[in-house]
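As a plain string of letters, each chain reads:
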Amino acid sequence: MSSDIITTLEIDKENSSSKIFVVKEISGCDSSFIISCVLGHFVKNRSAVLIISTHNSIKHYQNVGLKMNYNLIKGVDAGLINVYDVGNEYVDKLLKNEHLSLDSIFESIKEKVEQMQHKYDMVNVIVDGISHLLNMQYNVRDVNTVCSNIIDLVRCYKNSLLFLHCNVANELDVTHVVSNLLCHKAHMVLEVENLTSGWSADVSGHLTLKYPGRKFEDEYMFSMDLKPTQYLFKLFDRGVKLLAPGTV
Amino acid sequence: MSSFHKTSDSRYSIIGTKLKNNLPFISSGIPSLDHIIGGGLPTGALFAIEEDVLGSYSRVLTKYFLAEGIICKHALFIASADEDPCEIVNELPQACTDPAIDAVPNDRNVEMKIAWRYEGLGQVESSFGSNSTFGHNFDLSKHIDKETIQKSDVTYCFLNDDNNIEFEKQIGFKNYMFYKLLMKIKDIVSKSEFQTSNKNKNILRISIQSLGSPVWMALDCDVEPVDSSYGQDLIKFLYCLRVILKDTLAVAFITIPSHLFDDDLFMSRILYSVDNAVRIESFAGSSRETNPVYSDYHGLFHVTKLSAIYTLVPFVPPSLDMAFKLRRKKFVIEKLHLPPELQESSEREQDDITAVPKTVSCGGFRKKDIEF
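Residues numbered from 1 in each chain as written. Chains lettered and ligands numbered in written order. Predicted model: local features only at pLDDT ≥ 70, side-chain atom pairs only at ≥ 80, totals over all residues. Heavy atoms only, no water.

Q: Any chance you could explain the sheet that holds strand E3 (residues 81-85) of chain A here in plain terms?
A: To summarise the sheet geometry, strands pair through backbone hydrogen bonds and adopt either a parallel or an antiparallel arrangement. Residues and elements named next belong to chain A. Taken together, 9 strands build an open sheet; the order of strands is E3-E2-E4-E5-E1-E6-E7-E8-E9 and the sheet is mixed. The sheet terminates laterally at E3 and strand E9 (239-243), the two strands that pair on one side only. Geometrically, the sheet is characterised by an average inter-axis angle of 20 degrees between neighbouring strands, direction not taken into account. Here 6 bridges tie strand E1 (residues 19-26) to strand E6 (residues 188-193), and the two strands are oriented parallel to one another. Bridge pairing in E6 links Val22 to Val189. Together, E1, strand E4 (123-127) and strand E5 (161-168) form the strand contacts of helix H8 (residues 140-155), whose direction differs from that of E5 by roughly 160 degrees. (Pairing = 2+ DSSP bridges. Helix = DSSP H or I, 4+ residues; strand = E, 2+ residues; numbered from the N terminus. Axes fitted to C-alpha atoms, helices over the stretch in contact; angles between N-to-C directions. Contact = heavy atoms within 4.5 Å.)

See the structure below:
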């Protein structure tokens, strides 16, 4: 059931270059379903992944993965999947009255990616909550720098994918600034939004795809107006279904 | 006999819990609240309540949460900066001994003969969780005796006392109280009985009362004008708490007086770190208190966030328009209904000088405008 997302993101196609995906969570919507779908794709294709986790635990992704018919922990044991829990490291240091700098976080990420690079040709990276870096009281400049460094790191490797998940608390907030900065560097932006009218049993939310990276592709070089694509999504225990607006 | 047996997972046989999505859930002490947030409070998660203006109902909810813990023999950790946590425990309500009283009206309904055309319709459930066997109802007029509480595993953390010299040297927070509370919670959560992998397990119920009250935020308000650092300590604290509780058997039940915050949008930042959140809007002191539309209720109940933990699909509450009423033996959350008829009125609307005009329009007058 994750095929809808995989096809829409076009990550099932062979790419010669790396791609950056930015996922914006608007009005409190949870975008972890995209990570679960993408992880399933990586596990099934035996692609190496580094999960930089700040929001959800690996147990969460494992339990969701089991329902979606893949076993994340087996991948972790095999070395295919590496998990870097930034939140845990940060809190451990904080309670010891020490400071964890964003530079040292980036160094750890770089080290892990390079280690995996020795074994696998391509290393995909997923960051599941950039906004939590702001909650840890790092400033916008430092967060933007570390994200740019991660983007540059992934771009070095051909065919690698980077997913950055960013929560937007509201439009007047620093989280909005950071997400906009990231969107400028993205190949594709996925905006995930709750229904404005509230919850529904038929639809879980809106998914809007924007393509800032397409303007550099030959195919779209001369089209001035790249229109965003809009979908409705419905979450199930075993996956996600995308629906065209008006078809529910 | 079928050869297919469902094997029950004995790892989660902790009293007062039920398993959903491979995750133990506990009761909040209010069956109707459990029902509207998806079956209870998930372990390893934060549950936040935005307090009502006077804080009276949020305090009652905390008492229910703690009393349920005492009954289920869970460990309790009670923290507060505004009042001594020992005093909170002294007034915990006792569980109702005879749940049959509530069941009587339902039995009568069954005996009633229903017209054939309505027989096929589903039963309208305006009061949530009334048929639930999970959790208890409590009698607010009776208190749990002190002996029972002394026998229970209760840890108190009064943050505003004077023994804080060791915490004042920390660099993580402007206000040392956040650091002190985190340290205490980390110490207690790291005990083996609250880890999921252990055999002798128990649930830890953490209650933090009025987190973000003026005592917590005093240092943020010292800086004039209030800059972007306002509330940063609170945001950081909640994130750290989220990380500490992740994948443990602890549940944090936090009440936050959000109406006192300087920044209206600040709560949306907080909600990102919290798993489930609700907001209480009491009628006490507002014009709605005397409004006949709300005469059956004490306030409105809003669900502001529901997370999907260990699953993809978040729980969808049965309704978004909910109201609550506090009875002596029950805190009930119901679907908001208008009363059948507000009041008797005369046949011709223009003759009714007591009627309140719907909107201000030409020729409309109000009762209060008549001076004699």
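That covers the picture; the talk isn't over yet.
Q: What is the right way to look at the sheet that holds strand E2 (residues 23-26) of chain B in this model?
A: Read from one edge of the open sheet, 3 strands run E1-E2-E3 (chain B), paired in antiparallel fashion. Two strands close off the open sheet at either side, each with one partner strand: strand E1 (17-20) and strand E3 (41-42) of chain B.

Q: It is not clear to me how the pairing of strand E13 (residues 322-326) of chain B should be interpreted in this structure. Could you clarify?
A: Within a regular strand, the side chains alternate between the two sheet faces. Residues and elements named next belong to chain B. Counting buried positions along E13 yields 4 of 5 residues, so the element is predominantly enclosed. For strand E12 (residues 299-305) and E13, the ladder comprises 3 bridges, and the chain directions are antiparallel. Each residue of the ladder has a partner; that of Gly299, found in E13, is Phe324. By the bridge criterion, 5 bridges tie E13 to strand E14 (residues 331-335) in an arrangement that is antiparallel. Bridge pairing links Met322 to Lys335 in E14. Turn length for the E13-E14 hairpin, with the two strands adjacent in sequence and antiparallel, is 4 residues. (Buried < 20%, exposed > 50% of the residue type's maximum accessible area, 1.4 Å probe, protein only.)

Q: Can you walk me through the interface of chain A and chain B in this structure?
A: Interface extent is often summarised as the accessible area lost during association of the parts. Between chain A and chain B, the residue contacts involve 49 residues of the former and 40 residues of the latter. Summed over both sides, the interface of chain A with chain B buries roughly 3800 Å², with 59% coming from carbon and sulfur. Where chain A meets chain B, there are 3 salt bridges. The salt bridge partner of B:Lys246 is A:Asp85, with a shortest N-O separation of 3.9 Å. Where chain A meets chain B, there are 17 residue pairs in polar contact (both at pLDDT 80 or more). Considered class by class, the residues forming the side of chain A that touches chain B number 16 nonpolar, 24 polar and 9 charged. (Buried area = accessible area lost by both parts, 1.4 Å probe. Salt bridge = Lys/Arg side-chain N within 4 Å of Asp/Glu carboxyl O. Polar contact = N/O pair within 3.5 Å; in protein donor to acceptor, adjacent residues only side chain to side chain. Nonpolar A, V, L, I, M, F, W, Y, C, P; charged D, E, K, R; others polar.)

Q: It is not clear to me how the environment of A:Ile6 should be interpreted in this structure. Could you clarify?
A: Residue and element names in this part refer to chain A. Checked against the element boundaries, Ile6 lands in helix H1 (residues 3-9). Ile6 sits in the buried class, given a relative accessible area of 7%. Sequence spacing of Ile6 and Gly40 is 34 residues, and the spatial spacing of their C-alpha atoms is 9.7 Å. When sequence neighbours within four positions are dropped, the list of residues in contact with Ile6 reads Ile11, Asp12, Cys37, Val38 and His41.

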